[in-house]
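Below, each chain spelled out in residue letters.
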Amino acid sequence: RKEVEQDPGPFNVPEGATVAFNCTYSNSASQSFFWYRQDCRKEPKLLMSVYSSGNEDGRFTAQLNRASQYISLLIRDSKLSDSATYLCVVIPPSGGYQKVTFGTGTKLQVIP
Amino acid sequence: DAGITQSPRHKVTETGTPVTLRCHQTENHRYMYWYRQDPGHGLRLIHYSYGVKDTDKGEVSDGYSVSRSKTEDFLLTLESATSSQTSVYFCAIMKVQGGTSYEQYFGPGTRLTVT
C-alpha cells in the first residue's frame, strides 16, 4: 500500500459545482496534514493545513478522519481558476522532517 | 513565498556531464530539500539538509550529491548526468514554528533535460 494515495482524476466539474477529494494515508502516527495546489509547470503551493477539528478558508474546507486515516478537501462554488492539481501531503510525528510524503495529486478541471 | 530562488530555471545538458543546481533562501530556515517530480511519481525526495554541512539521502539519491556550506544555499550536483535524470527539480524549505507547526514551501523549479 502506498503511504499516501489519491485518486488521480481528472475531475471535470462545471463552474459553480461542489467537488470533494479524498486522500488516504498509511501511517497511523502521522502528525501533520496539508493540501497543496499545483498549477501546470509551476511549483506546489500550500493551500491549507488540515486540523483535527477541520478547518475552512473561504470556499475550501479540509477535514481529517484519523479513525479511517484519510483527509478530504471540499471546494464549493468552483471557479475556472480552481483548475489545478491538488496534492495531499503528510508529515510523520515530530522529528520526521525528512519523511514528508506527497500524494501524486488529483487533477481538477473546472469547465465553463 | 519564503524567498526561495533556484538557478538555473532551465537547462539542457549532454549525457555524462556534471550539472549543479542551486537553491537560495533568504529567511534562514534550517531544513532544506531537493525533490524531483516526474509524471506518475509525484514528488520524490533526493536529499535533504538539517543544517550547514548536515545532509542526508532521500529515496532517490543515486547519482546525486549535495552540499550546504551556508544556511542560505543548498546545491544539488548530478555527478554524470543521464537521460533518466531529465526531470523538474524543486527545492523546498520547512518553516518550523514553535516545534509543532510545519509548513513546506517550494522554489519555482528547474527544468533539466539530459540529451
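For the structure, check the block above.
Thresholds, definitions, all that
Residues numbered from 1 in each chain as written. Chains lettered and ligands numbered in written order. Predicted model: local features only at pLDDT ≥ 70, side-chain atom pairs only at ≥ 80, totals over all residues. Heavy atoms only, no water. Helix = DSSP H or I, 4+ residues; strand = E, 2+ residues; numbered from the N terminus. Rg over C-alpha atoms; globule rule 2.2 N^0.38 Å. Buried < 20%, exposed > 50% of the residue type's maximum accessible area, 1.4 Å probe, protein only. Contact = heavy atoms within 4.5 Å. Areas by Shrake-Rupley, 256 points an atom, 1.4 Å probe, with all protein chains shown as cover. Lys, Arg positive; Asp, Glu negative; His and termini not counted. Charge placed at Lys NZ, Arg CZ, Asp CG, Glu CD. Pairing = 2+ DSSP bridges. Axes fitted to C-alpha atoms, helices over the stretch in contact; angles between N-to-C directions. Polar contact = N/O pair within 3.5 Å; in protein donor to acceptor, adjacent residues only side chain to side chain. Disulfide = S-S within 2.5 Å.

**Q** Looking at this model, I keep getting lost on the overall build of chain B. Mind explaining?
**A** If you tally the helices and strands in chain B, you get zero helices and eleven strands. Taken from N to C terminus, the helices and strands of chain B fall in the order β-β-β-β-β-β-β-β-β-β-β. The C-alpha radius of gyration of chain B comes to 14 Å, within 12% of the 13 Å expected for a compact globule of 115 residues. Each principal axis of the C-alpha distribution contributes one length, and for chain B these read about 45 × 30 × 25 Å. Counting over 115 residues, chain B shows a buried share of 48%. In chain B, 54% of the contacts between residues at least 6 apart in sequence involve partners at least 24 apart. Per element, the accessible surface of chain B, about 5,300 Å² overall, is 46% carbon and sulfur. Of note, chain B has its 12 positive side-chain charges centred 3 Å away from the centre of its 12 negative side-chain charges.

**Q** How do you make sense of the sheet that holds strand β7 (residues 60-65) of chain A when you look at a structure like this?
**A** In a beta sheet, neighbouring strands pair by backbone hydrogen bonds and run either parallel or antiparallel. Residues and elements named next belong to chain A. Strand order in the open sheet made by the five strands is β1-β3-β8-β7-β6, with antiparallel pairing throughout. Looking at which strands have only one partner, the edges of the open sheet turn out to be β1 (4-6) and β6 (55-57). Direction aside, neighbouring strands of the sheet carry axes that sit 20 degrees apart on average. For strand β3 (residues 19-25) and strand β8 (residues 70-75), the ladder comprises six bridges, and the chain directions are antiparallel. Bridging from a neighbouring strand, asparagine 22 pairs with serine 72 of β8.

**Q** I tried to follow the environment of serine 65 of chain B on my own but got confused; where do I start?
**A** All names here are of chain B. Here serine 65 lies in strand β7 (residues 64-70). The exposure class assigned to serine 65 is partly exposed, which follows from its relative accessible area of 26%. For the pair formed by serine 65 and isoleucine 46, sequence separation is 19 residues and the distance between their alpha carbons is 8.8 Å. Those residues within four positions of serine 65 in sequence are excluded, and the remaining contacts are His47, Leu75, Leu76, Thr77 and Glu79. Separated by 3.4 Å, the side chains of serine 65 and glutamate 79 make a polar contact.

**Q** How should the pairing of β8 of chain A be read in this particular structure?
**A** Here is the key point about a regular strand: its side chains alternate between the two faces of the sheet. All names here are of chain A. In this structure, β7 lies alongside β8, joined through six bridges in antiparallel fashion. Paired with glutamine 63 across the strands is serine 72, a residue of β8. Counted along the chain from β7 to the antiparallel partner β8, the turn is four residues long, and its residue glutamine 69 has a positive phi close to 55 degrees.

**Q** For this particular structure, what's the right way to read the side chain of glutamine 6 of chain B?
**A** Residue and element names in this part refer to chain B. Here glutamine 6 shows up in strand β1 (residues 4-7). Given the relative accessible area of 6%, glutamine 6 is considered buried. Engagement of the side chain of glutamine 6 in a polar contact is seen with the backbone oxygen of tyrosine 89, the distance being 3.0 Å. Among the polar contacts listed, one links the side chain of glutamine 6 to the backbone nitrogen of glycine 109, at a separation of 3.0 Å. Once residues lying within four places of it in the same chain are set aside, the contact partners of glutamine 6 are Arg22, Trp34, Tyr89, Phe90, Cys91, Gly107, Pro108, Gly109 and Thr110.

**Q** Help me understand the state of the cysteines in this model?
**A** Here, disulfide denotes a covalent bond that connects the sulfur atoms of two cysteines. By the definition in use, this model includes two disulfides over all chains. Here cysteine 23 of chain A engages in a disulfide with cysteine 88 of chain A; their sulfurs sit 1.9 Å apart. The disulfide joining cysteine 23 of chain A to cysteine 88 of chain A has a torsion of about -70 degrees about its S-S bond and is therefore left-handed. Taken together, the residues cysteine 23 of chain A in strand β3 and cysteine 88 of chain A in strand β9 (residues 84-91) connect sequence positions 65 residues apart. You can call cysteine 88 of chain A buried: its relative accessible area is 0%. With its sulfur 1.8 Å from that of its partner, cysteine 23 of chain B forms a disulfide with cysteine 91 of chain B. One disulfide, between cysteine 23 of chain B and cysteine 91 of chain B, carries an S-S torsion of -70 degrees and so falls in the left-handed class.

That's the geometry; what it means functionally is another story.
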